[in-house]
Amino acid sequence: MSDQRAVARALLRRQPRTYAEQAGIRLADRPAALYQLLVLATLLSARIRAQVAVAAARELFAAGWRTPQRMEAATWQERVDALGRGHYRRYDERTATMLGTGARLCLDRWRGDLRRLHAAADGDPGGLRRLLTAFPGIGPTGADIFLREVQTVWTDVRPFADRRALAGADRLGLPGSAKDLAALVGPGDVGRLTSALVRVALGEESPAEVTRAATGRR
């Protein structure tokens, strides 16, 4: 266990930011921040590099579309152009449509506040996943991305580790359950750890380098 804790600490030193933080989202249990996370999860759901999805999210937010009201008010072409600036070109037209439709759904069903979705599911991950997948572009993978990142502020979801986080844990010789991974770090770092493990699974971080950092070897 002590060796596994050392590996987890080394990973967090090397990859301290979640994908939400990297996208410029100041995650909090507030409507705008939660909506921005939904947008990021939509972008990350496509078969495209995670860093391209993050860059595209930053472009959308830089354009001022940080709420469902602002996203819906943007024209389809404006959304396409912002996605293009983030090099999210393969899926830009389809995604621009989904973002507009999803913004309207957020407004109509949840009055622009995903805390209402949280309350409707009573914090149950299965219920949250079902409600999240009603948004266009959010399938099971996208819902898991949202839950993985939101556990920082929706503490009743914690600990949560999706398939990719568990794959990263396996590559590092770490436990294969969310509960056991959470035991390696403090409560506030569980979301950061699972996000960092995804980077290992996606090849953004080297397991060998993390292990060397944990043992102090060069």
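Structural data are supplied above this passage.
Residues numbered from 1 in each chain as written. Predicted model: local features only at pLDDT ≥ 70, side-chain atom pairs only at ≥ 80, totals over all residues. Heavy atoms only, no water.

**Q** Explain the side chain of aspartate 92 here, please?
**A** Along the chain, aspartate 92 turns up in helix H7 (residues 92-110). Buried aspartate 92, no salt bridge; nearest opposite-charge side chain is arginine 89, N-O distance 6.1 Å. If near-sequence neighbours (up to four positions away) are discounted, aspartate 92 is found in contact with Val80 and Leu83. (Helix = DSSP H or I, 4+ residues; strand = E, 2+ residues; numbered from the N terminus. Buried < 20%, exposed > 50% of the residue type's maximum accessible area, 1.4 Å probe, protein only. Lys, Arg positive; Asp, Glu negative; His and termini not counted. Salt bridge = Lys/Arg side-chain N within 4 Å of Asp/Glu carboxyl O. Contact = heavy atoms within 4.5 Å.)

**Q** How do you make sense of the packing of helix H3 (residues 31-44) against helix H4 (residues 50-62) when you look at a structure like this?
**A** Each pair of packed helices can be described by the angle between their axes along with the distance between the axes. Between H3 and H4, whose axes approach to 9 Å, the crossing angle comes to 140°. As H3 packs across H4, the resulting crossing turns out to be right-handed. Together, Gln36, Val39, Leu40, Leu43 and Leu44 of H3 and Ala50, Ala53, Val54, Ala56, Ala57, Leu60 and Phe61 of H4 make up the contact between the two elements. Residue composition of the contact of H3 with H4, by class: 11 nonpolar, 1 polar and no charged. (Axes fitted to C-alpha atoms, helices over the stretch in contact; angles between N-to-C directions. Left-handed = near helix turned anticlockwise from the far one by under 90°. Nonpolar A, V, L, I, M, F, W, Y, C, P; charged D, E, K, R; others polar.)

**Q** In this structure, what is going on with the packing of aromatic side chains? I would like to understand it.
**A** The way to describe two aromatic rings as a pair is by their centre distance and the angle between their planes. This structure, assessed with the given rule, holds 2 aromatic pairs. For the ring pair tyrosine 88 and tyrosine 91, a centre distance of 6.4 Å and an interplane angle of 55° mean the geometry is tilted. Of note, arginine 199 hangs over the ring of tyrosine 19, and the distance from its end group to the ring centre comes to 4.0 Å. (Phe/Tyr/Trp six-rings, centres within 6.5 Å; stacked < 30°, edge-to-face > 60°. Lys NZ or Arg CZ within 6 Å of the ring centre and 35° of its normal.)

**Q** I tried to follow the packing of helix H1 (residues 2-14) against helix H14 (residues 207-215) on my own but got confused; where do I start?
**A** Where H1 meets H14, the closest approach of the two axes is 8 Å, and the angle between their N-to-C directions is 115°. By the angle between their directions, the pair H1 and H14 is classed as roughly perpendicular. Regarding H1 and H14, the two cross each other, and that crossing is right-handed. For the pair H1 and H14, the contacting residues are Ala6, Val7, Ala10, Leu11, Arg13 and Arg14 in the first and Glu209, Val210, Ala213 and Ala214 in the second. The residue makeup of the contact of H1 with H14, split by class, is 7 nonpolar, no polar and 3 charged. (Parallel < 35°, antiparallel > 145°, perpendicular 65-115°, else oblique.)

**Q** Would you mind showing me how to read unusual backbone geometry here?
**A** Peptide bonds are, in most cases, trans, and in most cases residues other than glycine have a negative phi. Residue arginine 158 is joined to proline 159 through a cis peptide bond whose omega torsion reads 0°. Structurally, proline 159 is set in the loop between helix H10 (140-150) and helix H11 (163-171). For histidine 87, which is not glycine, the phi torsion reads 65° and is therefore positive. Inspection of the secondary structure puts histidine 87 in the loop between helix H6 (76-85) and H7. One non-glycine residue, arginine 111, lies in positive phi territory at about 50°. Relative to the elements of secondary structure, arginine 111 occurs in the loop between H7 and helix H8 (115-121).

**Q** Is there a simple way to think about the environment of proline 68 in this case?
**A** Among the structural elements, proline 68 can be located in helix H5 (residues 68-73). According to the relative accessible area criterion, proline 68 is buried, its value standing at 2%. As for proline 68 and leucine 107, which are separated by 39 residues in sequence, their C-alpha atoms are 6.8 Å apart. Setting aside residues up to four positions removed in sequence, proline 68 forms contacts with Tyr35, Ala103, Cys106, Leu107 and Gly112.

**Q** Explain a positive patch on the surface here, please?
**A** A contiguous patch of positive charge, built from Arg17, Arg26, Arg58 and Arg66, is present on the exposed surface. Among the structural elements, arginine 58 can be located in helix H4. (Patch = residues over 30% accessible without salt bridge, like charges linked within 9 Å, V, L, I, M, F, W, Y side chains within 5 Å. Areas by Shrake-Rupley, 256 points an atom, 1.4 Å probe, with all protein chains shown as cover. Charge placed at Lys NZ, Arg CZ, Asp CG, Glu CD.)

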